[in-house]
Structure formats: C-alpha cells, structure tokens
Amino acid sequence: MEGRRLLDDCVHCGFCLPACPTYVSWGVEPDSPRGRIDLMRALADGRLPLDPEVVTHFDSCLGCMGCVTACPSGVRYDVLIEETRARVEREVRRPLADRLFRSAIFALFPHPARLRALVLPLLLWSRSGLDALARRLGLYGLLPPRLGEMAELLPPLGARNLAASLPETTPARGPRRARVGLVAGCVQRVFFPGVNDATVRVLASEGCEVVVPRGQGCCGALSVHAGREDEARRMARALISSFEGLGLDAVVVNAAGCGSTLKEYGRLLADDPAWAARAAAFSERVRDVSELLARLGPVAPRQPLALSVAFHDACHVAHAQGLREEPRALLTGIPGLRLLEVPDGDQCCGSAGIHNLVDPASADEIGERKVDRVLSVGADLLASANPGCTLQIRKLAGRRGVAVRAAHPIEVLDASLHGTSLPGAPRTGR
Amino acid sequence: MDPGLVARFAAIVGARNCLAEPPALVTYECDGLTSMRARPGVVVLPASTGEVAAVVRLAREAGVAIVPRGAGTGLSGGALPVAGCVVVGLARMRRILEADLANGWARVEAGVANLDVSKHLAAAGAYYAPDPSSQRVCTIGGNVAENSGGAHCLKYGFTVNHVLGARVVLADGSVVDLGGPVADPAGFDLLAAFVGSEGTLGIVTEVVLRVLRKPEATRTLFATFPSCAEAGETVSAIIASGIVPAAIEMMDTLAIAAARAATGLDWPEVGAALLVDVDGTVGEAGHTAARAGEIARGSGALEVRWPRDEAERQLMWKGRKSAFAAVGRISPSYLVQDGVIPRSEIARALGEVARLAREAGLRVANVFHAGDGNLHPLVLYDARVPGEERKAEELAGEILRMCVRLGGSITGEHGVGADKVVYMGEMFSEDDLATMDLVRSAFDPERLFNPGKVLPAPRLCGERPWPSRVRPVEAADPAGPA
Ligand SMILES: Cc1cc2nc3c(=O)[nH]c(=O)nc-3n(C[C@H](O)[C@H](O)[C@H](O)COP(=O)(O)OP(=O)(O)OC[C@H]3O[C@@H](n4cnc5c(N)ncnc54)[C@H](O)[C@@H]3O)c2cc1C
Ligand code: SF4
Ligand code: SF4
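Residues numbered from 1 in each chain as written. Chains lettered and ligands numbered in written order. Predicted model: local features only at pLDDT ≥ 70, side-chain atom pairs only at ≥ 80, totals over all residues. Heavy atoms only, no water.

## Brief notes about the overall build of chain B
Working step 1: When its secondary structure is counted, chain B shows 16 helices and 20 strands.
Working step 2: A compact globule built from 482 residues would reach a C-alpha radius of gyration of about 23 Å, and chain B, at 22 Å, matches this within 12%.
Working step 3: By its C-alpha atoms, chain B is 70 × 60 × 45 Å across when sized along the principal axes.
Working step 4: In chain B, which comprises 482 residues, the share counted as buried stands at 59%.
Working step 5: Within chain B, contacts between residues at least 6 apart in sequence are counted, and of these 72% link residues at least 24 apart.
Working step 6: Carbon and sulfur atoms make up 54% of the accessible area of chain B, which amounts to about 18,200 Å² in all.
Working step 7: For chain B, the centre of its 47 positive side-chain charges and the centre of its 56 negative side-chain charges are spaced 4 Å apart. (Helix = DSSP H or I, 4+ residues; strand = E, 2+ residues; numbered from the N terminus. Rg over C-alpha atoms; globule rule 2.2 N^0.38 Å. Buried < 20%, exposed > 50% of the residue type's maximum accessible area, 1.4 Å probe, protein only. Contact = heavy atoms within 4.5 Å. Areas by Shrake-Rupley, 256 points an atom, 1.4 Å probe, with all protein chains shown as cover. Lys, Arg positive; Asp, Glu negative; His and termini not counted. Charge placed at Lys NZ, Arg CZ, Asp CG, Glu CD.)

## So, the site of ligand 3
Residue and element names in this part refer to chain A.
Working step 1: Around ligand 3, the surrounding shell holds 13 residues, and the nearest of these are C20, R36, C61, C64 and C67.
Working step 2: Among the secondary structure elements, those contributing two or more residues to the shell around ligand 3 are α3 (33-44) and α5 (66-70).
Working step 3: Broken down by class, the residue content of the shell around ligand 3 amounts to 10 nonpolar, two polar and one charged. (Near = heavy atom within 4 Å. Nonpolar A, V, L, I, M, F, W, Y, C, P; charged D, E, K, R; others polar.)

## Notes on the domain arrangement of chain A
Residue and element names in this part refer to chain A.
Working step 1: Under the domain assignment used here, chain A contains domain 1 (2-91), domain 2 (97-162), domain 3 (163-294) and domain 4 (300-418).
Working step 2: Distance between the C-alpha centres of domain 1 and domain 4: 27 Å.
Working step 3: On the domain 4 side, the residues contacting the 17 residues of domain 1 number 15 residues.
Working step 4: Across the domain 1/domain 4 interface, buried area totals approximately 1,200 Å², and carbon plus sulfur atoms make up 57% of it.
Working step 5: Applying the counting rule to domain 1 against domain 4 returns five residue pairs in polar contact (both at pLDDT 80 or more).
Working step 6: Those elements that provide at least two residues to the side of domain 1 that touches domain 4 are α2 (21-26) and α5.
Working step 7: With five residues, α2 is the largest single contributor of residues to the side of domain 1 that touches domain 4. (Domains from an automatic or database assignment. Buried area = accessible area lost by both parts, 1.4 Å probe. Polar contact = N/O pair within 3.5 Å; in protein donor to acceptor, adjacent residues only side chain to side chain.)

## A look at the interface of chain B and chain A
Working step 1: The partner chain A presents 34 residues to the 40 residues of chain B that form the contact.
Working step 2: Note on chain B versus chain A: buried area summed over both sides is about 2,700 Å², and carbon and sulfur give 57% of it.
Working step 3: Close ionic contact of R47 of chain A with E29 of chain B constitutes a salt bridge, the shortest N to O distance being 3.0 Å.
Working step 4: Counting only elements with at least two residues in the side of chain B that touches chain A, the list comes to α2 (22-26) and α12 (323-326) of chain B. (Salt bridge = Lys/Arg side-chain N within 4 Å of Asp/Glu carboxyl O.)

## Re unusual backbone geometry
Working step 1: Of note, M65 of chain A is a non-glycine position whose phi angle comes to about 65°, a positive value.
Working step 2: Note on placement: M65 of chain A falls in the loop between α4 (52-59) and α5.
Working step 3: In this model, R447 of chain B sits at a positive phi of 55°, which is unusual for a non-glycine residue.
Working step 4: Structurally, R447 of chain B is set in the segment after α16 (430-443).
Working step 5: On the basis of relative accessible area, R447 of chain B is assigned to the buried category, the value being 7%.

## As for the site of ligand 2
Working step 1: With respect to spatial proximity, 13 residues lie near ligand 2, and among them C10, C13, G14, C16 and C71 of chain A are the closest.
Working step 2: Residues that form the shell around ligand 2 fall into these classes: nine nonpolar, three polar and one charged.

## Focus on the domain arrangement of chain B
Residues and elements named next belong to chain B.
Working step 1: On domain assignment, one finds that chain B holds domain 1 (3-89), domain 2 (96-213), domain 3 (217-405) and domain 4 (421-465).
Working step 2: Look at where the C-alpha atoms of domain 2 and domain 4 centre, and you get two points 25 Å apart.
Working step 3: When residues of domain 2 are sorted by the area they lose upon contact with domain 4, A171, T200 and L201 head the list and together hold 55% of the total.
Working step 4: Inspection of the domain 2/domain 4 interface yields zero salt bridges.
Working step 5: Scanning the region where domain 2 abuts domain 4 turns up one residue pair in polar contact (both at pLDDT 80 or more).
Working step 6: Tallied by class, the residues present in the side of domain 2 that touches domain 4 amount to seven nonpolar, four polar and one charged.

So, in structure tokens, the structure goes:
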C-alpha cells in the first residue's frame with residue numbers, strides 16, 4: 001500500500017511541530033503532524049480502531065501543509081491526510097448534525113450557480129442594514145456557531161457579483177506570447193469577481209491570449225480536502241474535459257486552494273485507466289498566475305504605487321505548491337511599492353479548506369495569532385492570494401473593530417498596470 | 001490508568017491538558033528513538049511551576065513513575081514512557097520571562113524552543129549559543145537535561161557552559177532555585193549535577209541562560225575531499241594552527257547526498273566535505289577563514305567554496321542541520337549513533353566504522369561534529385526486512401565499543417537514556433555507577449523520575465525494581481498496558 005510506505009518516511013524528528021498551527025496553539029502531540037502520522041500508523045497496524053475519538057485529531061488538521069515544507073525527510077503528509085480523510089469518510093459515521101452541515105457546504109460551495117442564487121438575498125440583506133445591525137448586536141453569536149460563521153465570513157457584496165462573467169476569449173495586447181486557459185474558481189468567481197477580471201487584464205497586457213472555457217465547474221478542492229474522493233474525481237474529470245482541445249500553453253489559476261488541487265489531478269485519477277494519462281497531462285500544464293508571470297517575465301510598463309503592502313503567504317501557494325518568491329515578485333516589480341513581511345508568515349491563518357466552517361472555535365484561536373501579526377506590520381494593504389484567508393483575517397480583525405484592506409496580489413499589479421482602483425476597506429463589525 | 005486518578009490530574013492542569021484517551025497516548029509512546037515504545041497511563045501538560053509541583057505531589061502519592069518530556073526529539077529514549085506512568089510535557093510552558101542583556105542573561109520557561117530564544121533576542125544583537133541541529137524544535141528543558149551540544153559548541157561550549165540557573169521541582173514537590181544570574185554563586189554547585197541528568201533528578205521549569213552578543217562577522221567555507229582521511233587531517237591541521245573555529249562539521253558521501261536531497265544544494269558527489277564557520281571581528285574572521293581555506297587545500301581538498309551571500313550560507317547550514325532527518329530520504333529506517341573519539345583518531349575511527357558496516361552488510365552515513373571528535377554514524381536499514389533492525393542495533397553497539405576502545409565515550413550529546421543503559425557498565429566501574437546512584441537517590445530517593453534511564457539496574461537495597469529496558473513495541477501487547 002502506498003500509504004504505508006509513505007508513513008515509513010517519517011523518522012519522528014519533530015521538525016514539523018513548530019510549523020503546525022494546531023500544535024503551536026495547543027501544544028499536544030496528537031494534534032501535531034508527527035502525532036497524526038503516529039495515529040495513521042497505529043490505524044494501519046491495527047493498534048487503534050478507527051473511532052470518532054481518533055477522527056477528532058484528523059478533523060482538527062487544517063490541511064495547511066506547513067508540515068510538508070518543514071519536513072526534512074520529505075514526508076508526503078498531503079497525500080497521507082487525504083487518504084486518511086477518504087477512509088474516515090467511507091468508514092466513520094458522524095453525528096447527524098455534523099453530516100447535515102457538511103452536506104450543506106458541499107451542496108452549496110462547489111456550485112457557482114447555487115452560490116450566485118444565494119447572492120441576491122444576501123445582497124438585499126446586507127444593503128438593508130439589517131446585517132450591520134446584526135453584526136453590531138452580536139446576533140451572529142446567537143446562531144448555532146457554525147451557521148453564524150458562514151454568515152459572518154461573507155465578504156462585502158456589490159451588484160457586480162450578480163453579473164460576474166468573463167469574456168470567453170480575450171486577445172493578447174501586443175505580440176502574443178502564450179495562449180492560456182483561466183480556471184475561474186467557484187468561491188472566487190462569485191464573491192471576488194474583481195480578482196478574475198484583474199487576472200484577465202494583467203495576463204492580456206503581459207502578452208497572453210486568455211480563454212475562459214464556458215461551463216467549467218468546481219475543481220473539487222473542497223471535496224478532496226474533506227475526503228469526498230468520488231465527488232472530487234467526478235469534478236476533476238469534468239474540469240479536465242472543459243480545458244482539453246483548446247490548444248492551451250498553460251492552465252492558469254489564481255485561487256490558491258484550486259491551484260494545488262489541479263496540480264494533483266494526476267494522482268487523484270491515477271487509478272482510473274481511462275483518465276490517468278489525461279489527468280497527468282492536464283496537471284503538468286497548471287500554473288499559478290504568479291508562476292506563469294514569473295516565467296514569462298514582465299513586459300508591460302508598471303506605474304508607481306505609493307503603498308506599503310503586507311504579504312500573506314497562502315498555505316496552498318507557499319506550502320502546497322512551494323511558491324514563495326513568485327507571488328512576491330508580482331509586487332516587488334512595482335515601483336514605489338514597499339513589500340513588508342508578516343512575522344511568522346509561514347503559519348496558517350486557520351481558514352484552510354473548510355476548517356473555519358466546520359470548526360470555527362479552533363480556527364479562530366489560530367486566526368487571532370495571524371491577525372496580531374498582520375496588524376503588527378502596520379501596512380496600508382494586505383496582499384493575499386486565497387479568498388479563504390482574506391475572509392478569515394478580515395472577519396477576525398473586524399471583530400476587533402479594525403478594517404483590513406485586502407487585495408489579491410494580481411489586483412495590486414492590475415492597479416499598477418492599468419490604474420484600476422484597489423478594493424477599499426470592508427465595513428467592520430462595529 | 002484509574003479514571004479517578006486521571007480526574008485528579010485533570011483537576012490540576014485542566015481537562016484539555018490531561019490526555020488519557022488511547023489515541024492521544026499512542027502519540028507519546030516514543031521520542032526521536034522510535035525502536036523503543038511504551039504507552040503512558042496519562043499525559044499532563046502543565047502551564048506553571050505550581051502545576052508541575054502539584055502533579056509531582058499527586059504522582060508521588062499514587063506511586064506512579066514520572067517521565068518529563070520536552071519536544072520529544074531526544075535520540076536515546078530519554079522521554080520514553082515507563083508503561084502506565086505520567087508523562088509531564090513542558091510544551092505549554094514556553095514563555096520568555098525576562099532578558100537582562102547588560103548582564104548577559106535571559107530567564108525562560110523550560111518548554112521554550114532553543115531557537116526561539118535567539119529569535120527573541122535577535123533584534124538586540126544577542127543570541128543563545130548552543131545550537132543542536134534540532135534547535136527549531138527541541139526545548140531548553142530538554143537541552144539542560146541532555147547537556148546538548150551543537151555545531152558551534154566547539155568554540156562556545158555545551159549547554160552546561162550556558163546555564164546560569166534553574167528552577168526545579170523535586171520529587172517531594174518542593175520548588176528549588178539552583179544557581180542564578182550571578183556568576184559563580186557560593187556553596188555546592190548543584191546546578192551542575194542537574195545539567196545532563198536526563199530527567200532523573202527532577203523537572204526543570206525555568207532556566208536562566210547566558211546570552212552572548214552576536215559576533216561581528218561570521219565566515220563560512222565548504223571544502224570537499226576525496227575521502228574522510230584528508231578531511232580528518234584538515235580538521236587536526238586547522239586546530240593545530242591555533243585557529244579555534246566556531247564550528248567544523250564533517251559529512252561523508254551518503255550524508256552529503258541526503259542533505260542535497262533535502263535542500264537542493266548543489267553539493268558534489270565526493271568522499272567527504274567539511275563545513276567550517278569562523279567568527280570574530282570583521283578583520284579577524286576574514287583572516288582566519290582565508291587561513292583555514294589554505295590549510296584545507298594544503299591537506300588535499302578538491303575544492304574550497306565560499307557561500308555567495310547570507311542566503312546561501314543559511315542554506316548550507318540548513319543542509320547540515322537537516323542531514324539526520326534527511327537520511328529518511330535515502331533509507332526507510334535508520335539509527336542515529338552518538339559516540340566520541342579523540343579528534344586525532346577521526347580517520348582511523350571512520351575506517352573502522354566502514355569495516356564494521358561492511359561486515360554487517362549495512363550502510364552507514366556519517367555527519368558529525370568533527371572538531372569535538374563527536375561522531376554521529378547513521379546506521380541505515382530497512383525495518384521491514386526481518387532481522388535487519390537487530391543487525392543495525394548490533395552494528396551501532398559495535399561502533400560504540402570501538403569508541404570506548406579508542407579512548408572516547410558512548411555518548412557525546414544525545415545522552416544515555418534508555419538506549420545506552422546497557423553500555424554504562426562498559427565505560428564505568430561498579431563504584432563509579434554506585435556513586436552516581438547515590439547522588440540520584442539524594443534528590444529522588446523513591447526513584448520516581450524517569451526510572452530505568454541513565455543508570456543500569458537498581459544497585460542499592462530497598463529500591464523499587466523498575467524495568468531497565470522496555471521491550472520494543474513489536475513484542476508489546478497491542479492494546480497497550482491497562
Ligand atoms: C534531527 C535531530 C538532530 C539532533 N541534533 C542534535 C545535536 O546536534 N546536538 C544534540 O545535543 N542533540 C541533538 N538531537 C537530540 C535532541 O534534540 C536533544 O537531546 C534535545 O536536547 C532534546 O530536547 P527535547 O525538548 O526534545 O527533549 P525530550 O526528547 O523531550 O527529552 C529529552 C530528555 O530530557 C528530559 N527532559 C525534557 N524536558 C525536561 C525538563 N523540563 N526537566 C527535566 N527533564 C527534562 C526527558 O525526560 C528526557 O530524558 C537531535 C535530535 C534530532 C531528532
Ligand atoms: S518533520 Fe517529517 S519526519 Fe520529522 S516528525 Fe515531522 S513528518 Fe516526521
Ligand atoms: S497540514 Fe497544517 S494543521 Fe495539518 S498537520 Fe500539517 S501543519 Fe498541522
């Protein structure tokens with residue numbers, strides 16, 4: 001079994017402990033990478049039964065992959081936890097409320113159309129002022145914590161969200177250097193449409209012809225992270241199909257979590273003879289937008305931006321895809337911009353995957369530390385390449401009455417290239 | 001463990017910090033030495049010296065053995081539980097309490113990670129010198145218990161040279177301060193007995209550390225050699241020339257390959273390499289580094305490299321410091337051995353290691369503190385091949401005997417723990433061991449703390465017969481002890 005061999009790579013040195021947000025928070029071994037691997041080993045050897053008690057320690061894992069970066073022994077914790085989650089999903093029956101909540105998330109988030117249907121009522125609700133009132137009165141605190149969490153995370157919505165749609169093909173400005181397909185991302189597409197617009201504009205200015213295949217669905221990242229393998233494979237096959245035969249040099253993605261999942265399609269479908277080769281070929285071509293731009297090198301002229309920017313390493317860019325220099329390079333190329341590092345920047349903000357939805361209390365505990373560090377930098381703007389992180393940091397800062405202005409790095413570059421305005425500060429809870 | 005007793009421990013540290021469910025206990029079955037395992041009865045994670053003292057009093061009342069634990073990176077099974085014991089983890093006591101840089105000391109809780117002390121002091125230009133390769137993770141309490149060393153201990157000395165005072169909880173629950181910020185206090189130096197006692201005398205909860213100003217300049221050179229013989233000669237020649245390098249680390253072919261795999265460094269495939277740090281004022285560091293480079297060339301170096309910038313220097317050291325764990329990339333399992341030989345015998349000792357390895361039919365990687373003659377042979381094996389683990393253990397044992405034969409020691413810095421108890425008799429006489437045991441009993445007459453570690457079987461009458469060696473897990477009851 002692949003898993004067993006991968007487990008043996010762990011030499012129990014503990015180098016991953018300080019990289020793990022749950023261990024740093026609670027200081028207990030079973031909620032550390034090394035401890036979770038111990039548990040997987042004990043399960044594989046039949047020394048422990050797969051019962052709800054063990055599962056709590058896998059559930060508490062944020063999937064941030066800080067441990068993968070830290071591990072000198074090259075342990076593929078990402079693969080291990082994914083296999084474990086799939087097994088948990090198959091074999092462990094969760095309490096009813098838990099099951100319903102999880103199903104609700106999966107019925108909603110991976111489906112842009114359903115998400116969009118939610119936006120109108122939400123828009124009315126937030127415009128009506130009821131929402132601000134509810135925040136002020138702390139009414140969200142009265143909802144069952146996890147529902148309150150979903151409501152509280154919602155970003156400020158504009159009418160633009162309703163009609164978000166991108167042109168199917170955007171020609172390159174100047175000589176064409178590459179033809180690329182853009183993965184629009186479900187949460188991204190609906191809640192942060194500005195990011196996709198900016199991505200298309202920047203790519204075009206840097207000489208890319210951009211294709212946004214119609215009808216593309218969700219990449220399945222949330223399903224993979226939750227161990228819903230069959231669902232994930234279904235989504236992967238559909239997405240691969242929609243990007244095939246278009247003569248693309250690369251498949252570009254701007255949402256961190258989607259990018260790391262797309263790069264792993266080869267592995268996800270490795271056991272499916274009809275799809276293994278197609279999936280591997282697809283994964284080969286996937287690039288984070290920062291990665292693609294770093295390879296192409298800049299051509300479009302940058303206008304100065306007098307701005308100090310705190311850089312947040314999204315786990316699924318920095319740890320899962322190993323991209324640390326590339327996203328920074330998007331910003332350091334802008335004259336006048338001062339890039340500031342967030343202390344302990346390689347630590348997760350607690351939002352990883354759906355963690356902040358299923359276990360808000362622990363996600364917040366971890367997130368508070370991140371917010372402390374982000375605020376300590378005192379920058380004008382926070383650059384974050386992942387919608388989940390941005391939502392989480394803003395939410396927690398908002399509870400302290402601090403409005404954090406945040407943007408995707410590509411939006412900042414867009415502002416420098418095209419003079420577009422950067423997203424403003426969100427409302428706070430007070 | 002009896003639920004009533006667990007509840008009483010929980011009442012002291014809080015339910016969340018008292019772990020008694022089987023899954024949680026499984027994760028505390030071993031430390032960095034994975035071949036020995038035992039399941040504790042309960043794990044408690046106190047947040048203060050007061051809580052530690054209360055836990056110790058309760059454990060004593062209940063007659064349960066106590067095993068202190070830091071980050072569990074120890075390589076000799078020091079934090080290996082005694083079946084059914086209470087493990088006292090210091091992982092939550094990680095505050096840096098105060099720093100007095102004018103007088104060169106800082107007071108920290110025992111659970112703080114070694115590197116976090118230096119990080120905390122960095123802005124003020126100070127640091128904590130001992131740097132075990134595990135410094136990102138291992139705790140100051142664990143360092144004190146093991147008298148840990150590191151690459152830069154050649155010039156600066158081991159943990160014992162950097163601990164000024166400690167607050168400890170003794171077996172009767174009393175809280176005692178040994179030493180303190182003032183240098184050279186009057187009376188018996190009880191602190192020195194505590195440093196290196198491997199958790200057998202009591203629990204360290206706070207430590208007063210000596211902190212140093214960062215040297216003005218550090219120069220690093222990386223030299224490659226056709227074999228360990230030339231590298232060993234270079235080490236002796238550098239030191240004989242009067243240079244006291246901050247560090248001289250040696251790696252052989254396999255260790256270089258592992259470091260390369262872990263960090264992507266462009267290190268070549270050669271017989272051996274040295275990584276040397278010299279520090280001091282700018283002029284001094286530049287001069288000695290150049291001189292060390294010349295000596296290396298004169299002793300047969302193939303190439304001498306200087307890192308291009310600080311980033312490359314850091315990466316080189318990361319390569320060296322991850323080398324142990326990185327060996328996991330080139331072998332399914334391995335044992336880290338730790339022994340000392342006189343520095344002048346490096347080439348001979350490594351030749352012996354190679355011969356022993358050949359005879360055993362196993363591979364051995366070497367990465368070690370050459371300046372101190374502190375060898376770290378890594379015996380590579382595959383635990384899934386029946387019998388190989390035992391062969392590896394035997395080979396590791398033979399290597400230790402060779403160290404003793406050459407006039408060295410069975411441990412340089414990783415401690416005796418549970419792993420090397422059996423070799424103590426080969427290094428010390430009955431009387432030596434009995435004297436150590438008398439000291440131990442003076443602190444902990446009932447042998448509550450870490451029984452079975454460091455000292456072989458009980459040797460005074462009226463002692464409790466704790467097992468001196470816990471069986472490897474394969475032999476243990478799968479459900480673990482009740
Ligand atoms: C990859 C790797 C590299 C290493 N490199 C080095 C190196 O270069 N130099 C070196 O010296 N060591 C090295 N080690 C060994 C190890 O890191 C050290 O021994 C370290 O000091 C152990 O610290 P810890 O906090 O992990 O202690 P643990 O492993 O948890 O415990 C070690 C011992 O100390 C006792 N103990 C722990 N905390 C306390 C306390 N507060 N009070 C009383 N007793 C206590 C325990 O009972 C046990 O006997 C390395 C280990 C690894 C895995
Ligand atoms: S760093 Fe890697 S090898 Fe070490 S304990 Fe963590 S997962 Fe295991
Ligand atoms: S993925 Fe993140 S939370 Fe999970 S074990 Fe690794 S470091 Fe810890």
